[in-house]
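Reading the structure
Below are the chains, spelled out letter by letter.
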Amino acid sequence: GERGRQRPPDLPATMPPKKGGKKKKKSKEELEAERIEREAEEARIKAEEDRIRAEEEARRAEEERKRLEELARLRAEELARLIAEREEDAHDEAARALKLRELLEMEAERVEWEKTLACSTKPDPSDDAAINTYVTEQMETSEPRLEKAGKIVDHTAQIVNDLNVELARVRGLHDYVRVGRLLDFRRRLYDVVTKKLDEATANVLTYSSEYMEDPLAGELMVQHKFGDTSYAIWVNKGGRALRMKSLPFTEVGLQVDVPKPIATQNVAIRTIWHEFDHAKDRAESVAALEAYLRSIGALAEVDATSAKGGKGGKGGKGAAESKDESKGSEESKAKAASEAKGEGEGGEGGDGEADVPADPDAGTSVGTSRDVPLGGVMYVEMLRLPPGSKQVLTWTLQQVTAETKTVTRLPHPMKDQVGAAAAAQALKIRFTMPKHVIMPSAPEGDDGVDDAKDAEEKPADAPGPPIRVAHWDAAAGVWSEEGITEAEYAPDSRLVTFHTSRLTAMAVVQPRHMHLPFFSWQLVPSSPEETVLSIESQRFTVSIEITPAKVRLLEPAIPELEEMLGVPMLPAQLLQALARSGLVIDPIDEDAKYVTSSFTGSNMVPKERAFERQLYLDAASLAPAFALRSSKWNQQQGARAAVLYAKESLDYDEDPDEGDETDWRCALFEIDEEAVDGIRVSLVKAMESDEEYNGGRAEMEVTHRRLGRAIATRATPEAMEVASEASPLFQRTVAETLSLVRPLSFH
């Protein structure tokens, strides 16, 4: 049927006939002719392109030549203009320099007269000969009586405070050779403190039985306050098997709980509290002394006991018995000091800078340890007792050893242990922080007291914000929290409590850069010879009133700083006082490694030092009549350029922030090695509200050698006159303050 039949395959379609027939094939001659014609056309096109390119290159070369010639002409004009400005300013600058010199001489005479009226015997820190004489006299004499030695220590500490102010001042002036000399003097003054206290302690230990009210009890406790130095010692000759010994040094605000492994030994526990931090230097000094004592065999017993893992030394067997040996030779001591520098456990850490006049910041405590002590440094040490005296008929015989003149420090029996064993043998220390110290704040959203009811119910020793307690690790050159546990702080009582298995320097610590970077800064005049520098740090807004020669702290008005509010001080003196309270706003280059800019997202970039100093001199020249403030574009400029804003501010009662943003002029400072002063200044178009930096020069503006020259075209003659006639001593004080705070490097 139809369904089973196969469909025949489709027949092939019929091909259409070819059009035009078969194409004729070209001959070789025709192909060759076409090739020659094609190559000729290509050559012609290439030649035309080469001609056009050559003409374009020639045109560009001519334009570049003219551009370079124009730039050279403009550069020559610029350099000539800067030279001309310097020549025009030379007379006025010389006159102001002379006036400043006269004012400084008058100020020096006034200060000297105040010292005379006060009958001060302290050597002037700027007088190298006087400092050297004082140190030499103290190192060559001995004072075994503790009370008199303490007076010398207090006197020396006051000299150290004065020297630290001078050190900050010359660092602000970038006089690094002088910085190096002052650091050396300070180390030697620290050695005086250590020597006097060690000698007096050795005398107490040697004759401890005579000091004891009850010799049969075998215990002696001595406490003293020497100015800002606290001293306490417990001598244990009884060796009673107590579980724990509590040492309430109430007169110096300290309590030490001694565990059984130490309380049962014939040893002494000494604590010293210094407001200054000489841990690094003292560690090196102690290590040098120990190296010398080992060189004469005086520490043979201590070393042998330590090697066996013993509990410390009793008596003084093995110590040198010759008086001549105890003195030793100066050559041996010098050699030992050279070999032992930087070694030893019994030291403190801190702000002892290295010998670095070229870069004084590199060797500071921040160079290796970014932490600094808060409120001072406590030294807790275990000391070996010297041999006791013997009564023979009517004679009292006392063996003379190395420990007759100095002390032998012993390590904690468990100092190398960890875990529960070490914790069980740790000393528990409680002390009260000085009232002038600003302690760490509570976590955000919690001020430590929820309300009045909570405040009433909360005990005085209730834990507050977390704190960090650390010991000085002399080998690593850092403050280390290893071996210190259960650190707590009670805000109401200001009591600090912690456990330690380290017998060395200890302190509450915080990062030196804690208040960096600055959020903003502003310099606002209140009269032709008064201006207020406001620094918004990470925690406080600090306001400093600057006047000729002196400055005054206005803010923050908090209890810890109330004693210094409104008190006239030198700029360096005020910043030292703030640092003493824990408010460090005089940064050094090393701080930049730990501080991130909120504007660039990377580490802060300090300005080159000589350049930065000139920036502040320029800024200070306008301080009598202009307000100055920070710019968010400053950090983008790197180390060799800077940006700030300036605004005329002769109406001293008016807030300079009022008004239009365009009233502020953006000044760009740049290092220029070819310029006569190595720097150039210009006004640029950048504004704080811009999303991107616009460094193009403002309309009709050129570069100048000084900020005053650049701003003069946008200021009134009256403002420029006020600035030029202001006291050069006032402007110098402004520059010195800015050089110490360094707002252009750390904002």
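Residues numbered from 1 in each chain as written. Predicted model: local features only at pLDDT ≥ 70, side-chain atom pairs only at ≥ 80, totals over all residues. Heavy atoms only, no water.

Quick notes on the overall build of the protein chain
Threshold: The helix count covers DSSP runs of H or I at least four residues long, the strand count covers runs of E at least two residues long, and both are numbered beginning at the N terminus. Remark: exposure states derive from per-residue accessible area (1.4 Å probe, protein chains only) relative to the maximum for the residue type, with buried under 20%, exposed over 50%, and partly exposed in between. Only the protein chains shown count as covering a residue, and every accessible area follows the Shrake-Rupley method with a 1.4 Å probe.
From N to C terminus, the protein chain includes 18 helices and 25 strands. Here the protein chain, with 747 residues, has 46% of them falling under the buried criterion. A total accessible area of about 37500 Å² is found for the protein chain, and carbon and sulfur atoms account for 52% of it.

A few points about a negative patch on the surface
Here is the rule: Patch definition: residues above 30% relative accessible area lacking any salt bridge, with like charges linked at up to 9 Å and the nonpolar side chains Val, Leu, Ile, Met, Phe, Trp and Tyr linked at up to 5 Å. Within this document, salt bridges are pairs made up of a side-chain nitrogen of Lys or Arg and a carboxyl oxygen of Asp or Glu, the two lying within 4 Å of each other. Charge convention: Lys and Arg are scored as positive, Asp and Glu as negative, and His as well as the terminal groups of each chain are ignored. Charge positions come from single atoms, namely NZ of Lys, CZ of Arg, CG of Asp or CD of Glu.
Together, Asp651, Asp653, Glu654, Asp655, Glu658, Asp660 and Asp663 line one region of the surface with negative charge. Position of Asp655 among the secondary structure elements: in the loop between β23 (641–648) and β24 (665–671). Residue class for Asp655 comes out partly exposed when judged on its relative accessible area of 36%.

Quick look at the nonpolar core
Taken as a class, soluble globular proteins show a tendency for nonpolar side chains to be buried jointly. Just so we agree on the cut-off: Working definition of a nonpolar core: buried Ala, Val, Leu, Ile, Met, Phe, Trp, Tyr and Cys residues. They are joined through side-chain atoms within 4.5 Å. Contacts are assigned to residue pairs with any non-hydrogen atoms lying within 4.5 Å of each other.
Grouped together as the largest cluster of nonpolar side chains are 62 residues, with contacts concentrated most on Leu523, Leu578 and Phe669. Ignoring sequence-local partners within four residues, the contact set of Leu523 consists of Thr531, Val532, Leu533, Ile546, Ala623, Phe626, Ala627, Leu628, Val734 and Leu738. The next biggest cluster of nonpolar side chains, apart from the first, holds 51 residues, and it includes Tyr134, Ala157, Leu167 and Phe226.

Quick notes on the sheet that holds strand β15 (residues 484–490)
For the record, the criterion: Whether two strands pair comes down to DSSP finding at least two bridges between them. Angles here are taken between N-to-C directions and fall from 0 to 180 degrees, while the axes themselves are lines fitted to C-alpha atoms, restricted in helices to the stretch in contact.
Ordered by their spatial adjacency, five strands build an open sheet running β3-β4-β12-β16-β15, and the pairing between neighbours is antiparallel. Because the sheet does not close on itself, it has two edges, and the strands there are β3 (244–249) and β15. When strand polarity is set aside, the average angle formed by the axes of neighbouring strands in this sheet is 10°. Examined bridge by bridge, strand β4 (residues 254–259) and strand β12 (residues 427–432) share four bridges and lie antiparallel to one another. Paired with Gln255 across the bridge in β12 is Arg430.

Some words on the packing of aromatic side chains
Condition: Aromatic rings from Phe, Tyr and Trp, with only the six-membered ring used for Trp, were paired whenever their centres fell within 6.5 Å, and each pair was classed as stacked if the ring planes differed by under 30 degrees, edge-to-face if by over 60, and tilted otherwise.
What the rule picks out here adds up to six aromatic pairs. Considering the side-chain rings of Phe431 and Phe498, the 6.3 Å spacing of their centres and the 80° angle between planes classify their relative orientation as edge-to-face. With Phe431 in strand β12 and Phe498 in strand β16 (residues 495–500), the pair connects residues that are 67 residues apart, well separated along the chain. Across this residue pair, the class does not change: Phe431 and Phe498 are buried.

Considering the environment of Leu707
Tracing the chain through its elements places Leu707 in helix α16 (residues 707–712). C-alpha of Leu707 to C-alpha of Ser682: the two residues are 25 residues apart in sequence and 7.6 Å apart in space.

A closer look at the sheet that holds strand β19 (residues 530–536)
Taken together, eight strands build an open sheet; the order of strands is β21-β20-β19-β18-β22-β23-β24-β25 and the sheet is antiparallel. Edge positions in the sheet fall to β21 (551–555) and β25 (679–684), since each has one partner strand and no second. Taking each pair of neighbouring strands and ignoring which way they run, the sheet shows an average axis angle of 25°. Examined bridge by bridge, β19 and strand β20 (residues 541–546) share six bridges and lie antiparallel to one another. The residue of β20 that forms the bridge with Ile535 is Val542. Here helix α18 (residues 728–741) sits on the sheet in contact with β18 (520–527), β19, β20 and β21, set at roughly 10° to β19.

Describing helix α2 (residues 128–140)
Basically, it comes down to this: To estimate how far a helix should reach, multiply one less than its number of residues by 1.5 Å. This arc is taken over the directions from the axis of the helix to the C-beta atoms. Here a polar contact means two N or O atoms within 3.5 Å. Within protein one must be a hydrogen donor candidate and the other an acceptor candidate, and residues neighboring in sequence count only if both atoms are side-chain atoms.
The terminal C-alpha atoms of α2, which comprises 13 residues, lie 18 Å apart, in line with the 18 Å expected from a rise of 1.5 Å per residue. Taken as a whole, α2 has its buried residues at Asp128, Ile131, Tyr134, Val135 and Gln138. Taken around the axis of α2, the buried residues stretch over an arc of 135°, which confines them to a single face. Exposed and facing more than 90 degrees away from the buried side of α2 are Ala129 and Glu140. Looking at the packing, one finds that the buried side of α2 touches α3 (146–172) and α4 (176–206). Near the N-terminus of α2, the side chain that reaches the backbone nitrogen of Ala129, with its oxygen 3.2 Å away, is that of Asp127.

Some points on the confidence of the model for the protein chain
Close reading of the predicted structure is inappropriate where its pLDDT is low. Just so we agree on the cut-off: Values of pLDDT, the confidence the predictor places in each residue, fall between 0 and 100.
In the predicted model, the protein chain carries a mean pLDDT of 82, and 81% of its residues have values of at least 70. When pLDDT is averaged over each element of the protein chain, β20 comes out on top at 97 and helix α9 (residues 323–327) at the bottom at 37. Note on residues 307–368: pLDDT is under 50 here. Beyond four places in sequence and across chains, it has 156 contacts. pLDDT under 50 marks residues 442–458. Its contacts with residues more than four places away, or in other chains, come to six contacts.

Quick notes on the pairing of β23
Most of β23 sits inside the fold, with seven of its eight residues counted as buried. Both strand β22 (residues 626–629) and β23 contribute to a ladder of four bridges, which runs antiparallel. The residue bridging Leu628 from the neighbouring strand is Ala646, located in β23. Pairing of β23 with β24, which is carried by six bridges, proceeds in the antiparallel orientation. Note that in β24 the partner of Leu644 across the bridge is Ala667.

What to know about the packing of helix α1 (residues 28–117) against α18
Here is the rule: Oblique is the label for every angle not falling under 35 degrees (roughly parallel), over 145 degrees (roughly antiparallel), or within 65 to 115 degrees (roughly perpendicular).
The geometry of α1 relative to α18 is characterised by a closest axis approach of 8 Å and an angle of 85° between their N-to-C directions. By the criterion of interaxial angle, the relationship of α1 to α18 is roughly perpendicular. Mapping the contact onto sequence places Arg96, Lys99, Leu100, Leu103 and Leu104 in α1 and Pro728, Leu729, Gln731 and Arg732 in α18.

Focus on unusual backbone geometry
Following Leu516, the chain continues into Pro517 via a peptide bond in cis, with omega recorded as -5°. You can see Pro517 is positioned in the loop between β17 (505–511) and β18. Residue Glu555 is joined to Pro556 through a cis peptide bond whose omega torsion reads 5°. Its location among the elements puts Pro556 in the loop between β21 and α14 (571–580). With phi around 60°, Arg494 is a residue other than glycine that occupies positive phi space. Along the chain, the position of Arg494 falls in the loop between β15 and β16. Given a relative accessible area of 15%, Arg494 falls into the buried group. Phi at Met700 takes a positive value of approximately 65°, unusual for a residue other than glycine. Along the chain, Met700 turns up in the loop between β25 and α16. Accessibility expressed as a relative area gives 82% for Met700, which makes it exposed.

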